[in-house]
Amino acid sequence: MKEVLINGVRIRPGQSVNIELPIAKLPTHTLIDLPIFIRSAKEEGPTVLVSGGIHGDEINGIFTAKRILEEIDAGLEILKGTLIIIPLVNIYGFLSNSRTFPDGRDLNRSFPGSNKGSLASRIAYILNEEIIPQIDYGIDFHTGGRMLSNEPQVRVDFKDKVALELAKAFGTNFVVNSKHIEKSFRKTAFNARKHLLVYEGGESMRLDHHAITEGIIGTKRLLHHLQMINSPQPSPHTLILKESEWTRGKASGIFFATVKLGESIKKGQLIANISDPYGQVIVPVKANTNGYVIGLNNNPVVNVGDALIHIGKE
C-alpha cells in the first residue's frame, strides 16, 4: 500500500498524524509552522488533499477545510486511502488580513518555488516538494476578492478530463471552464500528473454560510465518489459552463446590481445601473450574453472599466 511521507514522517495505513512543518521565522524570530493533518485508512485507496488559505484573507476556505477536519475527527470514517488537510497554507497573509505575503507576492503565482527565493517562493517550494508528490487528487478552497462574491463553483480546465469528472462528482452549482494559470498550485500539480480542483465561493474576509456548506457537502460527494467515505449526499443540478466573461463598467459612479448570484440572465437584460451621487445621470448596464451570474462586485462605488458582474455561459 502507498505510504505518505511528509517532512521525514512516515504515515502508515490506519494512522492519524498531525505534523507541524517548520517553514520560516517572523522578524521577531518566532517560528512559523505549517500544520498538516493526515487521516489514513487501513485499506488502500487514493490520497486526497483538502487545502485552504493559499490567499490569507480567504477565510471561507480556511473555515471549510477546518470543518471537514472536525467532521472526520468527530467520527466520519475514512474507509480507504488517505486524506491530507491543510486548512491554512498562507499563515503570513492570515496574520495580516492580506491576500499576499509581506513582500506583496502571491503564493498562487509562485510555484514551483525555490528554496533560495522569496518567502512566497520558499513556501511554494515546500508544497511542491512535500505535498504534491504525495497526492492523487485535491480540492483547493478559495473565495472572491475584497468586495467580490462568487457563487459556489468549481473551476477546472476542461482539457483535464479526470479533473472534469471529479468536478462533476463534487457537484456544486456550477462547474466553470478555467484554463490552468502559469505558476499556480493547480498548474504545478497538473504538471506532476495530479488533479487539483479549485473551489470558489463567497468573498474574502467574510464567512459565507452558503458557500461553506456547499464546500463541505461537495467534498463529501467527492470522497464518497472515490469510495473513501460512506456518506452519500444529495446531488444538485450542476450546470457546466464552458466559458465566462466579466461585464465591465462603462461609467464611474454608484453601482446597483439588479440581479443576484446564481441567477439566469438573458442577452440585453438590464442587470445593473450606475448613477452619479446626485441622481442626475443613470447609466444602464445590460447583459452582453445569455448566462448565469457567477460573480458579483459588492462595491457600491465603481470606476469606468471595473469588473462588475461575472457571467458564465453554457
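Structural notes, computed from the coordinates. The structure displayed is predicted, hence computed values, not measured ones.

### What about the packing of aromatic side chains?
Two aromatic rings are characterised by how far apart their centres lie and by the angle between their planes.
Point 1. Evaluated as defined, the whole model comprises 5 aromatic pairs.
Point 2. Taken together, a centroid distance of 5.2 Å and an interplanar angle of 65° make the contact between Phe141 and Tyr199 edge-to-face. Here the residue Phe141 occupies a position in strand E7 (residues 137-144), and Tyr199 occupies one in strand E10 (residues 195-203), the gap between them amounting to 58 residues. As far as the burial class goes, Phe141 and Tyr199 line up, both buried.
Point 3. Residues Phe170 and Tyr199 carry aromatic rings whose centres are separated by 5.6 Å and whose planes lie at 45° to one another, so their mutual orientation is tilted. On the criterion of sequence distance, the pair formed by Phe170 in helix H4 (residues 161-170) and Tyr199 in strand E10 is long-range, its members being 29 residues apart.

### Some details on the packing of helix H1 (residues 59-73) against helix H6 (residues 209-225)
Point 1. Axis separation between H1 and H6 bottoms out at 9 Å; the angle between their running directions is 45°. One element, H1, and the other, H6, form an angle in the oblique class. For the pair H1 and H6, the sense of crossing is right-handed. Note on element contacts: H6 touches H1 through Ala211, Ile212, Gly215, Ile216, Thr219 and Lys220, opposite Asn60, Phe63, Thr64, Arg67, Ile68 and Glu71.
Point 2. Taken together, the residues that form the contact of H1 with H6 break down as 5 nonpolar, 4 polar and 3 charged.

### Re H4
Point 1. Here H4 has its buried residues at Ala163, Leu164, Leu166, Ala167, Ala169 and Phe170.
Point 2. Buried residues along H4 sit in contact with E7, strand E8 (148-156), strand E9 (174-177), E10 and H6.
Point 3. Looking one or two places after H4, you find Gly171, whose phi comes out positive at around 70°.

### Structural notes on the sheet that holds strand E13 (residues 253-257)
Point 1. If you trace the 4 strands from one edge of the open sheet to the other, you get E16-E15-E13-E18, paired in antiparallel fashion. Taken across any chain shown, the strands that pair with only one partner, and hence form the sheet edges, are strand E16 (282-286) and strand E18 (301-302).

### Some words on the pairing of strand E19 (residues 307-313)
Looking down a regular strand, the side chains alternate between one sheet face and the other.
Point 1. The buried count for E19 comes to 6 of 7 residues, which makes it a mostly enclosed element.
Point 2. In the sheet, strand E12 (residues 243-248) pairs with E19 via 6 bridges, with the strands oriented antiparallel. Across the sheet, residue Arg248 finds its bridge partner in E19, namely Ala307.
Point 3. With 4 bridges joining them, strand E17 (residues 291-297) and E19 adopt antiparallel strand pairing. Note on E19: the bridge partner recorded for Tyr292 is Gly312.

### Quick look at the nonpolar core
One recurring pattern in soluble globular proteins is that nonpolar side chains are buried together.
Point 1. Membership of the largest hydrophobic core comes to 36 residues, with the highest contact counts inside it found for Ile6, Leu34, Ile36, Ile84, Ile86, Leu107 and Ile131.
Point 2. At the level of elements, strand E1 (4-6), strand E3 (16-25), strand E4 (31-40), H1, strand E6 (80-86), helix H2 (91-95), helix H3 (119-131) and helix H5 (185-191) are the ones that each hand at least two residues to this core.
Point 3. When residues in this core are grouped by element, the largest group, 6 residues, is from H3.
Point 4. The residues contacting Ile86, other than those within four sequence positions of it, are Leu34, Pro35, Ile36, Leu49, Val50, Ser51, Gly52, Leu127 and Ile131.
Point 5. Among the nonpolar cores identified, the runner-up in size contains 34 residues, and Phe158, Leu197, Ile212 and Met228 belong to it.

### Quick notes on the packing of H4 against H6
Point 1. For the pair H4 and H6, interaxial distance at closest approach is 7 Å and the crossing angle is 120°. Classified by the interaxial angle, the pair formed by H4 and H6 is oblique. Crossing angle aside, the handedness with which H4 passes H6 is right-handed. Here Leu166, Ala169 and Phe170 of H4 come into contact with H6, specifically with Glu214, Gly215, Gly218, Thr219, Arg221, Leu222 and His225.
Point 2. Its residues assigned to classes, the contact of H4 with H6 comprises 4 nonpolar, 4 polar and 2 charged.

### Here's the deal with the pattern of salt bridges
Point 1. Counted by the stated rule, this structure contains 14 salt bridges.
Point 2. For Arg146, the salt bridge identified is with Asp57, shortest N-O distance 3.2 Å. Residue Arg146 is found in the loop between E7 and E8, and its partner Asp57 is found in the loop between strand E5 (43-52) and H1; the two are separated by 89 residues along the sequence.
Point 3. By relative accessible area, Asp57 is classed as buried at 5%.
Point 4. Several salt bridges share partner residues, and in doing so they unite Glu58, Arg99 and Asp106 into one network.

### Section: H6
Point 1. The end-to-end C-alpha distance of H6 is 24 Å, a good match for the 24 Å that 17 residues give at a rise of 1.5 Å each.
Point 2. Those residues of H6 not exposed but buried are Ala211, Ile212, Glu214, Gly215, Ile216, Gly218, Thr219, Lys220, Arg221, Leu222 and Leu223.
Point 3. Measuring from the backbone nitrogen of His210 back to the side-chain oxygen at the start of H6 gives 3.1 Å, which picks out Asp208 as the cap.
Point 4. Positioned one or two residues after H6, Gln227 has a phi angle of 65°, which is positive.

### Let's talk about the environment of Ile38
Point 1. Following the sequence through the fold, Ile38 ends up in strand E4.
Point 2. C-alpha of Ile38 to C-alpha of Ile11: the two residues are 27 residues apart in sequence and 7.8 Å apart in space.
Point 3. Leave out the neighbours within four places in its chain, and Ile38 touches Ile6, Ile11, Gln15, Ser16, Val17, Ile19, Thr82, Leu83 and Ile84.

Cut-offs and rules
Residues numbered from 1 in each chain as written. Predicted model: local features only at pLDDT ≥ 70, side-chain atom pairs only at ≥ 80, totals over all residues. Heavy atoms only, no water. Phe/Tyr/Trp six-rings, centres within 6.5 Å; stacked < 30°, edge-to-face > 60°. Helix = DSSP H or I, 4+ residues; strand = E, 2+ residues; numbered from the N terminus. Buried < 20%, exposed > 50% of the residue type's maximum accessible area, 1.4 Å probe, protein only. Axes fitted to C-alpha atoms, helices over the stretch in contact; angles between N-to-C directions. Parallel < 35°, antiparallel > 145°, perpendicular 65-115°, else oblique. Left-handed = near helix turned anticlockwise from the far one by under 90°. Contact = heavy atoms within 4.5 Å. Nonpolar A, V, L, I, M, F, W, Y, C, P; charged D, E, K, R; others polar. Pairing = 2+ DSSP bridges. Core = buried A, V, L, I, M, F, W, Y, C linked by side-chain atoms within 4.5 Å. Salt bridge = Lys/Arg side-chain N within 4 Å of Asp/Glu carboxyl O. Expected span 1.5 Å × (residues − 1). Polar contact = N/O pair within 3.5 Å; in protein donor to acceptor, adjacent residues only side chain to side chain.

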